[in-house]
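The lines below spell out each chain.
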Amino acid sequence: MNLKESRMTDEYANPNDLVFYVKYHIKPEFINEFQERLMGVVKNMTQEDSFVSAFVHQYAEGEGRFSMYERWTDASKDAFMTYQMEGKAYRKEYEKRLPLISETPRKIHLLKPLAYWISASVKPSENDLIFYVNFHIKPDKLEDWKKAALQVLNKMAEEDAFVSTFLHQDAEDPSRFTIYERWNEPSMEAFEKNHLNAKEYRQVYKNMLPDMMQSMRTFRLLEPLGSWIGE
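Procedures and definitions
Residues numbered from 1 in each chain as written. Predicted model: local features only at pLDDT ≥ 70, side-chain atom pairs only at ≥ 80, totals over all residues. Heavy atoms only, no water. Helix = DSSP H or I, 4+ residues; strand = E, 2+ residues; numbered from the N terminus. Contact = heavy atoms within 4.5 Å. Pairing = 2+ DSSP bridges. Axes fitted to C-alpha atoms, helices over the stretch in contact; angles between N-to-C directions. Salt bridge = Lys/Arg side-chain N within 4 Å of Asp/Glu carboxyl O. Buried < 20%, exposed > 50% of the residue type's maximum accessible area, 1.4 Å probe, protein only.

Our next topic: the environment of Lys-141. Locating Lys-141 in the fold gives a position in the loop between β5 (129–137) and α4 (142–156). When residues no more than four places from it in sequence are discounted, the contact partners of Lys-141 are Asp-211 and Met-212.

As structure tokens, this is what we get:
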């Protein structure tokens, strides 16, 4: 773990950051190799001037499924692809090997940061409960949903076990949104008892969702494997 507890400022999550959420599906026999190679790449990433942060996870329900939430200060996706993905020698062997050890091609989602909330007292840790939630909203309900979501997220940030939350809009599909959130709770059962089912504001929001969504939201539980914050 290489997480700096002091980074509770805009340096931790600037709204102008270039944000990616990357999903991997790795063949069972290559899981250890993948993790070693990915961690090696991330270690080098942290030395880049434009690196902000990276959080690596394994899906709780799928041994071969991983994801990485990463933030950069590069000016655009094209600039990132040129100077980082294609321009760094330490990535070459990893990029060459990745298609051979993957069950399905890696998926890279470009996200537009909308807002973030970070606790001033509860610091991120490797034991956090982490969720990644996807929403597909009806075009005529975008503003209504954003207003409702902001109200919920503001209240969430006041809870004792809250660590952080990042709200995004898909850069390629404005009707899709994601929330990346971290909680200082020991289990999903504890989270449901203390937050999901115990807070009135959540029930109000939950009742509003069906009228706003094009399809059901997806809720992914992630197990943290490592966190890095740039210098």
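So, on to the sheet that holds strand β1 (residues 18–26). Ordered by their spatial adjacency, 8 strands build a closed barrel running β1-β3-β2-β8-β5-β7-β6-β4, and the pairing between neighbours is antiparallel. Direction aside, the axes of adjacent strands within the sheet are offset by 30 degrees on average. Judged from the 7 bridges that link them, β5 and strand β8 (residues 213–229) form a sheet pairing that is antiparallel. Looking at β8, one finds that Ile-130 is bridged to Leu-222. Relative to the sheet, helix α5 (residues 188–196) contacts β5, β7 (176–183) and β8, its axis offset from that of β5 by approximately 65 degrees.

Let us look at the pattern of salt bridges. In total, this model carries 10 salt bridges according to the counting rule given. Ionic pairing is found between Lys-146 and Glu-143, a salt bridge with its closest N-O pair at 3.1 Å. Residue Lys-146 and its partner Glu-143 are located together in helix α4, separated by 3 residues, close to a single helical turn. Owing to a relative accessible area of 56%, Glu-143 belongs among the exposed residues under this scheme. What emerges from the salt-bridge pattern is a single network uniting Glu-33, Arg-37 and Arg-97.

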